[in-house]
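# Fold and geometry: a report
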Amino acid sequence: MTASALQKATGEIRKHWGWLMFFGIVFIIMGTLGLGMSTMLTLTSVLFFGVMILVAGVLQLIDAFKAQGWKSILAYVLIALLYIAAGIIIIVDPLAASVWLTIAIALILIAVGILRIIMGLQMKPAKGWGWPIFAGVVSIILGIMIFSRWPVSGLWVIGLFVAIELIMQGWAMIAISLVAKNADPEQIKEILKEK
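Attention in this report is confined to the structure presented alongside it. Positions within a chain are numbered from 1, following the residues in the order the chain's sequence is written. At least 70 in pLDDT is required for a residue's local features to be given in this predicted model, at least 80 for side-chain atom pairs to be given and counted, and no such filter applies to totals for whole chains, interfaces and linings, which use all residues. Side-chain measures here rest on the full set of heavy atoms in the structure, leaving out hydrogens and waters.

## Topic: unusual backbone geometry
Both trends apply: most residues other than glycine have a negative phi, and most peptide bonds are in trans. To keep it simple, the criterion reads: Each helix is a run of H or I in the DSSP string that is no shorter than four residues. Each strand is a run of E no shorter than two, and both are numbered from the N terminus.
A cis geometry characterises the amide bond from Trp-150 onward to Pro-151, with omega recorded as 10 degrees. Along the chain, Pro-151 falls in the loop between α6 (130–148) and α7 (157–182).

So, in structure tokens, the structure goes:
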């Protein structure tokens, strides 16, 4: 992004900071409501995920019939059919799908935590090497907590994660809007000149 494009984007954000703050507040409200309805949010999210996979599979299957003479066409069609089957299974029983997706999330959190700890240990003695280890330990604890309450955790974990993400996104939007509102145009020009 060129300095003039960045300056234009910064000016647009500064000009419309109120809308950004409004949407940030809406995200926080939606996330807070989602905290109280985590089971409903879990099922809705999983259902949406199932529809997306089904649509992707159908589009890939349509595309497969256009790709004539391709050596990997059979694999391409089989992948499309697997997507379609997975989408249908998720749509038919989003509750069971959420339970199995939750166990996958728990296992991924544990694996990511272990890798973060290894990364932190490899960074030692560099400054800040403890932060990846701390983040890794937190990920492992979250994964174990989810795993220890499974399959019941499958009812609320995904919805809880979506609600927390909405709240974090809302606060980020509010922070950006306040920075944009209070930004000094001359200071922005000086920062852009340095780049």
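Right, picking up where we left off after that structure.
## Description of the side chain of Ser-153
We count it as follows: Should any heavy atoms of two residues lie within 4.5 Å, those residues are considered in contact.
Mapped onto the elements of the fold, Ser-153 is located in the loop between α6 and α7. Setting aside its immediate chain neighbours within four residues, Ser-153 contacts Thr-102 and Ile-146.

## Focus: helix α5 (residues 94–123)
Worth spelling out the cut-off: Here, expected helix span is obtained from the residue count minus one, scaled by 1.5 Å. Per-residue accessibility, obtained with a 1.4 Å probe over protein chains only, is compared with the maximum for each type, and a residue is labelled buried under 20%, exposed over 50%, and partly exposed between these values.
The first and last C-alpha atoms of α5 sit 42 Å apart over 30 residues, in line with the 44 Å expected at 1.5 Å per residue. Every buried residue of α5 is accounted for by Pro-94, Ala-97, Ser-98, Val-99, Thr-102, Ile-103, Ala-106, Leu-109, Gly-113 and Gly-120. Buried residues along α5 sit in contact with α3 (38–66), α4 (73–92), α6 and α7.

## Looking at α7
Helix length check: α7 (26 residues) gives 38 Å between terminal C-alpha atoms against 38 Å at 1.5 Å per residue, within 8%. All buried positions along α7 are accounted for by Val-157, Ile-158, Gly-159, Ala-163, Leu-166, Ile-167, Gly-170, Met-173, Ile-174, Ser-177 and Ala-180.

## Looking at a nonpolar patch on the surface
Just so we agree on the cut-off: Residues enter patches when they are more than 30% accessible in relative terms and free of salt bridges; like-charged ones are connected within 9 Å and nonpolar ones (Val, Leu, Ile, Met, Phe, Trp, Tyr) within 5 Å. Shrake-Rupley sampling with a 1.4 Å probe provides the accessible areas, and residues are treated as covered by the protein chains on show and by no other component. Put simply, a salt bridge is a Lys or Arg side-chain nitrogen that is within 4 Å of an Asp or Glu carboxyl oxygen.
A grouping of Trp-131, Phe-134, Val-137, Val-138, Ile-141, Leu-142 and Met-145 is seen on the molecular surface, where their side chains present a nonpolar patch of about 690 Å² in accessible area. You can see Val-137 is positioned in helix α6.

## Some points on the packing of α5 against α7
Quick reminder of the rule: Orientation is described by lines fitted to C-alpha atoms, with helices fitted over the stretch in contact, and by angles between N-to-C directions that extend from 0 to 180 degrees. In this classification, the charged set is Asp, Glu, Lys and Arg, the nonpolar set is Ala, Val, Leu, Ile, Met, Phe, Trp, Tyr, Cys and Pro, and all remaining amino acids, among them Gly, are polar.
Remark: α5 packs on α7, axes separated minimally by 9 Å, with the N-to-C direction vectors making an angle of 65 degrees. Across the interface between the two elements, Ser-98, Leu-101, Thr-102, Ile-105 and Leu-109 from α5 touch Val-157, Ile-158 and Phe-161 from α7. Split into classes, the residues belonging to the contact of α5 with α7 amount to 6 nonpolar, 2 polar and no charged.

## Brief notes about the packing of α5 against α6
Helices that pack against each other are described as a pair by the angle of their axes relative to one another and the distance between those axes. To be explicit about the condition: The cut-offs work like this: below 35 degrees is roughly parallel, past 145 is roughly antiparallel, 65 to 115 is roughly perpendicular, and the gaps in between are oblique. The handedness criterion is simple: a crossing whose near helix is rotated anticlockwise from the far helix by less than a right angle is left-handed, and one whose near helix is rotated clockwise is right-handed.
Running from amino to carboxyl end, α5 crosses α6 at an angle of 160 degrees, the nearest separation of the two axes being 7 Å. The angle between the axes of α5 and α6 places the two elements in the roughly antiparallel class. Between α5 and α6 the crossing geometry is left-handed. Taken together, the residues of the contact of α5 with α6 break down into 19 nonpolar, 6 polar and 1 charged.

## Digging into the environment of Val-58
Mapped onto the fold, Val-58 is located in helix α3. Of the residues examined, Val-58 reaches a relative accessible area of 36% and is grouped as partly exposed. Considered as a pair, Val-58 and Ile-84 are 26 residues apart in the sequence and their alpha carbons are 6.5 Å apart.

## Examining the packing of aromatic side chains
Applicable threshold: Each pair of aromatic rings taken from Phe, Tyr and Trp, with Trp reduced to its six-membered ring, is defined by centres within 6.5 Å and is described as stacked if the planes are under 30 degrees apart, edge-to-face if over 60, and tilted in the remaining cases.
Inspection of every chain in the model, using the stated rule, returns 5 aromatic pairs. Seen from their ring centres, Trp-19 and Phe-22 are 5.9 Å apart, and the 90 degrees between their planes marks the pair as edge-to-face. Taken together, the residues Trp-19 and Phe-22, both in helix α2 (residues 17–36) and 3 residues apart, mark about one turn of the helix. Connected via pairs of aromatic rings, a cluster forms that spans Trp-19, Phe-22 and Phe-23.

## A short note on the environment of Gly-120
Structurally, the position occupied by Gly-120 is in helix α5. When the C-alpha positions of Gly-120 and Trp-131 are compared, they lie 7.2 Å apart, and in sequence the two are 11 residues distant. Ignoring sequence-local partners within four residues, the contact set of Gly-120 consists of Trp-129, Pro-132 and Ile-133.

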